[in-house]
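Remarks on the overall topology
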Amino acid sequence: MKKQKQEPLTDEQLFVSARQAALRVDFIQTVDKLRLYTCALYSAMLWGKHTTDRDPSW
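A few points on the structure.

What counts as what
- Residues numbered from 1 in each chain as written.
- Predicted model: local features only at pLDDT ≥ 70, side-chain atom pairs only at ≥ 80, totals over all residues.
- Heavy atoms only, no water.
- Helix = DSSP H or I, 4+ residues; strand = E, 2+ residues; numbered from the N terminus.
- Buried < 20%, exposed > 50% of the residue type's maximum accessible area, 1.4 Å probe, protein only.
- Contact = heavy atoms within 4.5 Å.
- Areas by Shrake-Rupley, 256 points an atom, 1.4 Å probe, with all protein chains shown as cover.
- Phe/Tyr/Trp six-rings, centres within 6.5 Å; stacked < 30°, edge-to-face > 60°.
- Salt bridge = Lys/Arg side-chain N within 4 Å of Asp/Glu carboxyl O.

1. Structural notes on the overall build of the protein chain
From N to C terminus, the protein chain includes two helices and zero strands. Counting every position in the protein chain, which comprises 58 residues, the buried fraction comes to 16%. At a minimum sequence separation of 6, the contacts of the protein chain that also span at least 24 residues come to 43%. Here the protein chain displays about 5,400 Å² of accessible surface, and carbon together with sulfur accounts for 57% of that area.

Structure, rendered in structure tokens:
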């Protein structure tokens, strides 16, 4: 059976996903740290999106 290709997430959807992931961790104590952690997750997700776009064999 062939694997169906999913539509790539928009940058806004990636940010929402990163924020949801950041809200699930227990070690964040302040709003500033939540924002920083969300941005770090978003950056990593965006990097991964662009990396797999260039080399689909990943």
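2. With respect to the environment of Leu-14
Here Leu-14 shows up in helix 1 (residues 11-23). Relative accessible area serves as the criterion here: at 6%, Leu-14 is assigned to the buried category. In contact with Leu-14, other than residues within four places in its own chain, are Leu-9, Tyr-42, Met-45, Leu-46 and Lys-49.

3. Description of the packing of aromatic side chains
Tallying each qualifying case throughout the model produces two aromatic pairs. Arranged with centres 5.5 Å apart and planes meeting at 75°, the rings of Phe-15 and Tyr-42 form a pair that is edge-to-face. Residue Phe-15 is found in helix 1, and its partner Tyr-42 is found in helix 2 (residues 31-54); the two are separated by 27 residues along the sequence. Taking the relative accessible area as the measure of exposure, Phe-15 reaches 29% and is therefore partly exposed. A ring pair is formed by Phe-27 and Tyr-37, whose centres lie 5.5 Å apart and whose planes are at 80°; its orientation type is edge-to-face. Placement of the pair is Phe-27 in the loop between helix 1 and helix 2 and Tyr-37 in helix 2, with a sequence separation of 10 residues.

4. Focus on the pattern of salt bridges
Oppositely charged side chains can pair when the atoms bearing their charge come close. For the coordinates displayed, the defined rule picks out one salt bridge. Across the pair Lys-49 and Asp-11 runs a salt bridge, and its minimum N-O distance is 3.2 Å. With Lys-49 in helix 2 and Asp-11 in helix 1, the pair connects residues that are 38 residues apart, well separated along the chain. A residue is classified by how much of its surface remains accessible, and Lys-49, at 19% relative accessible area, is buried. Given a relative accessible area of 37%, Asp-11 falls into the partly exposed group.

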